[in-house]
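A look at the structure
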Amino acid sequence: MVGVLPETEVPASLTEETFAHGLHVLCGRDPDLAQIRMNYGPPPMWAREPGFPTLIHIILEQQVSLASARAAYDRLLVAASPLTPARFLELDDAELKTIGFSRQKTAYGRELAGAILGERLNLAELETLDDAHVRSELMDIKGIGPWTADIYLLMALRRPDVWPSGDLALASAAQRVKRLAARPTPDELDTLGADWTPWRAVAARLLWHYYLSEPV
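Here's what I pulled together on the structure shown here.

Definitions and limits used
- Residues numbered from 1 in each chain as written.
- Predicted model: local features only at pLDDT ≥ 70, side-chain atom pairs only at ≥ 80, totals over all residues.
- Heavy atoms only, no water.
- Helix = DSSP H or I, 4+ residues; strand = E, 2+ residues; numbered from the N terminus.
- Rg over C-alpha atoms; globule rule 2.2 N^0.38 Å.
- Buried < 20%, exposed > 50% of the residue type's maximum accessible area, 1.4 Å probe, protein only.
- Contact = heavy atoms within 4.5 Å.
- Areas by Shrake-Rupley, 256 points an atom, 1.4 Å probe, with all protein chains shown as cover.
- Lys, Arg positive; Asp, Glu negative; His and termini not counted.
- Charge placed at Lys NZ, Arg CZ, Asp CG, Glu CD.
- Phe/Tyr/Trp six-rings, centres within 6.5 Å; stacked < 30°, edge-to-face > 60°.
- Core = buried A, V, L, I, M, F, W, Y, C linked by side-chain atoms within 4.5 Å.
- Polar contact = N/O pair within 3.5 Å; in protein donor to acceptor, adjacent residues only side chain to side chain.
- Salt bridge = Lys/Arg side-chain N within 4 Å of Asp/Glu carboxyl O.
- Axes fitted to C-alpha atoms, helices over the stretch in contact; angles between N-to-C directions.
- Parallel < 35°, antiparallel > 145°, perpendicular 65-115°, else oblique.
- Nonpolar A, V, L, I, M, F, W, Y, C, P; charged D, E, K, R; others polar.

Before going further, it helps to spend a moment on the overall build of the protein. Helices and strands together make up the secondary structure of the protein, namely 13 helices and zero strands. Its C-alpha atoms give the protein a radius of gyration of 18 Å, near enough to 17 Å, the size a compact globule of 216 residues would have. Relative to its 216 residues, the protein shows a buried fraction of 46%. When contacts within the protein are restricted to residue pairs at least 6 apart in sequence, long-range pairs at least 24 apart make up 62% of them. Surface accessibility of the protein: about 10800 Å² in total, with carbon and sulfur atoms responsible for 53%. Positive and negative charge centroids in the protein, built from 21 and 29 side chains respectively, lie 6 Å apart.

What describes a pair of aromatic rings is the distance from one ring centre to the other and the angle between the planes of the rings. Across all of its chains, the model carries four aromatic pairs by this definition. Residues Phe52 and Phe88 carry aromatic rings whose centres are separated by 6.0 Å and whose planes lie at 75 degrees to one another, so their mutual orientation is edge-to-face. Linking Phe52 in helix 3 (residues 52-61) with Phe88 in helix 5 (residues 85-90), this pair joins segments that are 36 residues apart in sequence. The class of Phe52 is buried, set by a relative accessible area of 5%.

Okay, the nonpolar core next. Residues Phe52, Leu76, Phe88, Leu112, Leu121, Leu138 and Leu207 are the most contacted members of the largest nonpolar core, which totals 66 residues. Setting aside residues no more than four positions away along its own chain, Leu138 makes contact with Leu55, Leu121, Leu123, Leu126, Ile144, Ala149 and Tyr152.

Within helix 11 (residues 168-177), the full set of buried residues consists of Leu170, Ala171, Ser172, Ala173, Ala174 and Val177. Summarising the contacts, the buried residues of helix 11 are in contact with helix 2 (31-40), helix 12 (186-193) and helix 13 (200-213). Residue Asp167 occupies the N-cap position of helix 11, its side-chain oxygen lying 3.3 Å from the main-chain nitrogen of Ala169. One or two steps after helix 11, the chain reaches Arg179, where phi turns positive at roughly 55 degrees.

Our next topic: the environment of Ala201. Relative to the elements of secondary structure, Ala201 occurs in helix 13. Residue Ala201 is classed as buried on the basis of its relative accessible area of 0%. Apart from residues no more than four positions distant in its own chain, Ala201 is found in contact with Leu154, Arg159, Pro160, Asp161 and Val162.

The next point concerns the side chain of Asp167. Mapped onto the elements of the fold, Asp167 is located in the loop between helix 10 (146-156) and helix 11. An unpaired buried charge is present at Asp167: no salt bridge exists, and Arg183, the closest side chain of opposite charge, is 9.5 Å distant. Polar contacts involving the side chain of Asp167 include one to the side chain of Trp208, which spans 3.0 Å. Contacts of Asp167, omitting those with residues within four sequence positions, involve Trp147, Leu189 and Trp208.

Okay, the packing of helix 10 against helix 13 next. Where helix 10 contacts helix 13, the two axes come as close as 11 Å, and the packing angle between them is 95 degrees. With respect to helix 13, the axis of helix 10 lies roughly perpendicular. For the pair helix 10 and helix 13, contact is made by Ile151, Leu154 and Met155 and by Ala201, Ala204, Arg205 and Trp208, respectively. Within the contact of helix 10 with helix 13, the residues separate by chemical class into six nonpolar, no polar and one charged.

Here you go:
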């Protein structure tokens, strides 16, 4: 169902209905995005559950393939179930290395777990904050940069206008869809994404859908 909201009204978070509405608005506004939907159908509304496990999964995805990160995350779930901050801290460095954590990501995971247990980070409270404050709270934790914070906002909190301009797959898809001479820099991607406000998280899913569907 589309047209569930006035075009100028944007929800606090995406649902299946408002996601469809955002697609409808974007595809009516941008012929290149409409072509993606025509060729490949609507994208999935990729989403994850808010919480510590999802943040750890996103940390594992930093600068590696999604498949590699997923394999490591699956091994982590076997080793620590349920995956809680306390249970994560029980795993020693050797166990985490076997699972697939680099020394750096081991430190990031421990920092995150300690911040939650020490009440320096309240993940439940993030759901009540605006995007800028969520970013600020997350990026106070060592190992969480703009990309990780944006992916959490987009996937876990399902905010409609998050635009992870540091994402290489997003930049690669935008280059091809917009027929650019070179892959856009993060600043150039921000400029490009401005045309898709206030539904940039929907546009990102469309571009990822293209990236995963279109042969290189």
